[in-house]
Amino acid sequence: QVQLVESGGGSVQAGGSLRLSCAASGATYDIIWMAWFRQAPGLEREGVAAIGLAGQPSYSDSVKGRFTISRDNTRTTLFLQMNSLKPEDSAMYYCAAHRRGRSGSALSESLYYYWGQGTQVTVSS
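First things first, this report covers the structure right here in the doc. (Residues numbered from 1 in each chain as written. Predicted model: local features only at pLDDT ≥ 70, side-chain atom pairs only at ≥ 80, totals over all residues. Heavy atoms only, no water.)

### Some points on the side chain of T119
Here's step 1: With respect to the element layout, T119 can be found in strand β11 (residues 119-124).
Here's step 2: For T119, a relative accessible area of 9% translates into the label buried.
Here's step 3: One polar contact links the side chain of T119 to the main-chain amide nitrogen of G9, over a distance of 3.1 Å.
Here's step 4: When near neighbours in sequence (up to four residues on either side) are disregarded, T119 contacts E6, S7, G8, G9, L20, A91, M92 and Y93. (Helix = DSSP H or I, 4+ residues; strand = E, 2+ residues; numbered from the N terminus. Buried < 20%, exposed > 50% of the residue type's maximum accessible area, 1.4 Å probe, protein only. Polar contact = N/O pair within 3.5 Å; in protein donor to acceptor, adjacent residues only side chain to side chain. Contact = heavy atoms within 4.5 Å.)

Shown next as structure tokens:
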């Protein structure tokens, strides 16, 4: 079992920055991929950024060049540095972790088994 807890969300003006964190605990040894998803009211949850065990990143086109995903040396904490934020980035952001045996692309929801509670990001114009 894996538990994920996000932090770092808040309110920011357009053009500002936020850094999200996700602390993983439990059976983290079986995780290869970790990712950030987001969901705005009335919209589907979408993959934002993902990172493999070796640190290889994948990004959605809408955030590439503005957001950076990373993980710490022990692979137990996930980060998302968000720069040049836009109002359309406003959403609930969720941390997700893959479990061996599941398949899908790096930004596909089907790849992930464990999910955090979410942290709210609000960007005002």
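### Description of the sheet that holds strand β3 (residues 18-26)
Here's step 1: Spatially, the four strands line up as an open sheet ordered β1-β3-β8-β7, and their pairing is antiparallel. With partners counted over all chains shown, the strands left at the sheet margins are β1 (2-7) and β7 (67-71), one partner each. Averaged over all neighbouring strand pairs, the angle between strand axes comes to 15 degrees, with direction disregarded.
Here's step 2: Bridge count for β1 against β3 is six bridges, and the pairing is antiparallel. For S7, the partnering residue across the bridge sits in β3 and is S21. (Pairing = 2+ DSSP bridges. Axes fitted to C-alpha atoms, helices over the stretch in contact; angles between N-to-C directions.)

All quantities given are derived from atomic positions and should not be read as evidence of function.
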